[in-house]
Amino acid sequence: MGLISLDEAGGRSAACAEPVPGVLELPLVEADGRVLAEAVVAPIDLPPFANSAVDGYAVRHADLLPGAETRLPLLGRTAAGDPAGTLGHGAWRVFTGAPVPDGADLVVMQEDVSLSGDEVILPSPAKRGANLRRAGEDVARGQEVLPAGRRLRPRDLGLLAALGLERVRVRHRPRVALFSTGDELTEPGQRLRPAAIYDANRAMLRALLARAGADVVDLGILRDEPAELERHLRAAAGACDLVVTSGGVSVGETDHVKAALSACGSLDLWRVAIKPGKPIAIGEAAGTPFIGLPGNPVAVFVGFVFVARPLLARLAGTVDEAPIVFPVTAGFQHRKKPGRREFLRASLERRDDGAVIARRHPGEGAGSLASLAQSDGLLVLAEELEQLEEGSSVPFLPYVGLLG
Ligand code: AMP
Ligand code: MG
């Protein structure tokens, strides 16, 4: 049981599953976050017709005097939604989004124009095509606009609607069975017994899974009892595409998830070179992929982001988007052991000189939920680093980029 790097763990977990089969057609209003089953090809040009990008006057470039003002008669007027006119020698009033009259190849902004009776006084011309949106300049009919496997975002839905598409073909969501393990765990809302704690991981994981595009089947809390665990694991595996648990996978005597899984499937215990987070159990229960996350909530979050998410993306038929990381300035110093990647919870502060400073949350431990909830993201300390100096540059991974 060697130590494996975080990057290797993510890649290996994704390789543990195949995309779930099946395709369904959904109206756009229900498609946010769903994964496209096939590429979308534009059925029309965007924009569908040449139109004005400004409120102004459409003209023929050739009718304007270079380097001087030109007076032209006003020939007509077109607002958005009106049919296009036909331009002769003159200027044509157009508004933003209105079809430019046939023959026009330039729109002059109204701010640059003055009126004198029925005449329009235009400045020396800008280049041909200015302030004019050509048909198909954004998207040409027949062009692939979104690839198969794309997770649809609000921006994509806007594009699909602009193309006149009312429905899209998307993949089925993976069904994910979720449970917590531990004799100490109590359901929120119930009385807390002595020596008990409330189950925090399930609430967090349910929401993380849902945001990652899973249909969550919540199976509650299971006791540290191998036979009971095995029974539930088997039942969950039969009905779902992935089983996710937290707790019970370290090397303590009461860590029975390992034993239960060995009885109904197989298990690899990965000692992932991260802090917090290791170990993470990966395997299969009765033929269904299985991820056993650690018990400590911060380790659960980190394990979810870097190990469970790639596998979920694969099941969903999409590719995991690499989290966005950007450099910030460390507002503190920190010693760490080399050989594993360490994640510190931090918040960002902007200094008067514009520098973005990371302040570390005082909550140290892998069990500190406050440190997760009260920070903006994770500082990523590279494997080889031993000493982070105050004022040095350090990569920061914001939670918003993780949808978490
Ligand atoms: P374990 O891996 O089961 O030994 O758990 C490690 C630590 O995480 C222990 O302090 C557990 O009480 C805690 N823990 C396990 N599961 C949960 C949970 N669902 N919510 C909050 N803390 C938990
Ligand atoms: Mg436990």
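Below, the structure is looked at part by part. (Residues numbered from 1 in each chain as written. Chains lettered and ligands numbered in written order. Predicted model: local features only at pLDDT ≥ 70, side-chain atom pairs only at ≥ 80, totals over all residues. Heavy atoms only, no water.)

Here's the deal with the overall build of the protein chain
The line we're drawing: Here a helix means four or more residues in a row that DSSP labels H or I, a strand means two or more in a row labelled E, and each is numbered from the N terminus. When we talk radius of gyration, it's over C-alpha atoms, and the globule rule is simply 2.2 Å times the number of residues to the 0.38. The criterion used for residue contact is that any of the two residues' heavy atoms lie within 4.5 Å. Methods summary: accessible areas were calculated by the Shrake-Rupley approach with a probe of 1.4 Å, and residue burial reflects only the protein chains presented. For the purpose of counting charges, residues Lys and Arg are taken to be positive, whereas Asp and Glu are taken to be negative. His and the chain ends are not included. Working definition for charges: the position is that of NZ of Lys, CZ of Arg, CG of Asp or CD of Glu.
Of the regular secondary structure elements, the protein chain holds 7 helices and 29 strands. Against the globule reference of 22 Å for 404 residues, the protein chain gives a C-alpha radius of gyration of 30 Å, more extended than a compact globule. Partitioning the intrachain contacts of the protein chain with sequence separation of at least 6 by distance along the chain shows that 71% fall at a separation of at least 24. Total accessible area computed for the protein chain in this model is approximately 18,900 Å², and 52% of it derives from carbon and sulfur atoms. Separation of charge centres in the protein chain, based on 44 positive and 51 negative side chains, amounts to 3 Å.

What about the sheet that holds strand 6 (residues 70-78)?
Strands pair in a sheet through their backbones, by hydrogen bonds, and they do so in one of two ways: parallel or antiparallel. Put simply, the test is: Strand pairing is assigned whenever DSSP identifies at least 2 bridges connecting the two strands. Fitting a line to C-alpha atoms yields each axis, with helices limited to the stretch in contact; the angle taken between N-to-C directions then spans 0 to 180 degrees.
What the 6 strands build is an open sheet, ordered 8-5-7-6-10-9; its pairing is mixed. Two strands bound the open sheet, and with one partner strand each, they are strand 8 (106-109) and strand 9 (114-116). The mean inter-strand angle of the sheet, taken between neighbouring strand axes irrespective of direction, is 40°. In this structure, strand 5 (residues 56-59) lies alongside strand 7 (residues 91-94), joined through 3 bridges in antiparallel fashion.

Comments concerning the side chain of E228
The condition that has to hold: Only protein chains enter the accessibility calculation, which uses a 1.4 Å probe; a residue is then buried when its area is under 20% of its type maximum, exposed when over 50%, and partly exposed in between. We count a salt bridge whenever a side-chain nitrogen from Lys or Arg sits within 4 Å of a carboxyl oxygen from Asp or Glu.
Take E228: it is sitting in helix 4 (residues 226-239). Notably, E228 is buried but unbridged: the nearest opposite-charge side chain belongs to R231, and the N-O separation is 5.3 Å.

Focus: unusual backbone geometry
Cis rather than trans, the peptide bond between L46 and P47 has omega equal to -10°. Inspection of the secondary structure puts P47 in the loop between strand 3 (40-41) and strand 4 (51-52). With an omega dihedral of -5°, the bond running from K275 to P276 counts as a cis peptide bond. For P276, the position within the fold is in the loop between strand 20 (274-275) and strand 21 (280-285). Located in the positive-phi region is N131, a residue other than glycine, with phi close to 60°. Position of N131 among the secondary structure elements: in the loop between strand 10 (119-122) and strand 11 (132-133). For N131, a relative accessible area of 29% gives the class partly exposed. Of note, the phi angle at A286 is positive, near 45°, even though the residue is not glycine. Secondary-structure assignment places A286 in the loop between strand 21 and strand 22 (288-293). Its relative accessible area of 45% is what places A286 among the partly exposed residues.

Here's the deal with the environment of P310
Examined against the element boundaries, P310 turns out to sit in helix 6 (residues 297-316). Separated by 293 residues in sequence, P310 and A17 place their C-alpha atoms 9.9 Å apart. In this structure P310 touches G10, S13, A14, V305 and D320, once residues within four positions along its chain are discounted.

Notes on the side chain of S368
Mapped onto the fold, S368 is located in the loop between strand 26 (356-360) and helix 7 (369-373). Assessed through its relative accessible area of 16%, S368 is described here as buried. Those residues in contact with S368 that lie beyond four places of it in its chain are V298, R345 and G363.

Examining the site of ligand 1
Definition in use: Any residue with a heavy atom positioned within 4 Å of a molecule or strand is treated as near that molecule or strand. We call two N or O atoms a polar contact when they sit within 3.5 Å, provided that within protein one can donate a hydrogen and the other can accept it, with sequence-adjacent residues counted only if both atoms are side-chain atoms. The nonpolar class holds Ala, Val, Leu, Ile, Met, Phe, Trp, Tyr, Cys and Pro. Asp, Glu, Lys and Arg form the charged class, and all remaining residues, Gly among them, are polar.
Among the 15 residues in the neighbourhood of ligand 1, the closest are listed as E184, D199, A200, G248 and G295. In this structure, a nitrogen atom belonging to ligand 1 sits 2.7 Å away from a side-chain N or O atom of D199. Between ligand 1 and the protein, one listed contact pairs an oxygen atom with a backbone N or O atom of G248 at 2.8 Å. Taken by itself ligand 1 offers 490 Å² of open surface, and the protein chains cover 75% of this. Considered class by class, the residues forming the shell around ligand 1 number 4 nonpolar, 8 polar and 3 charged.

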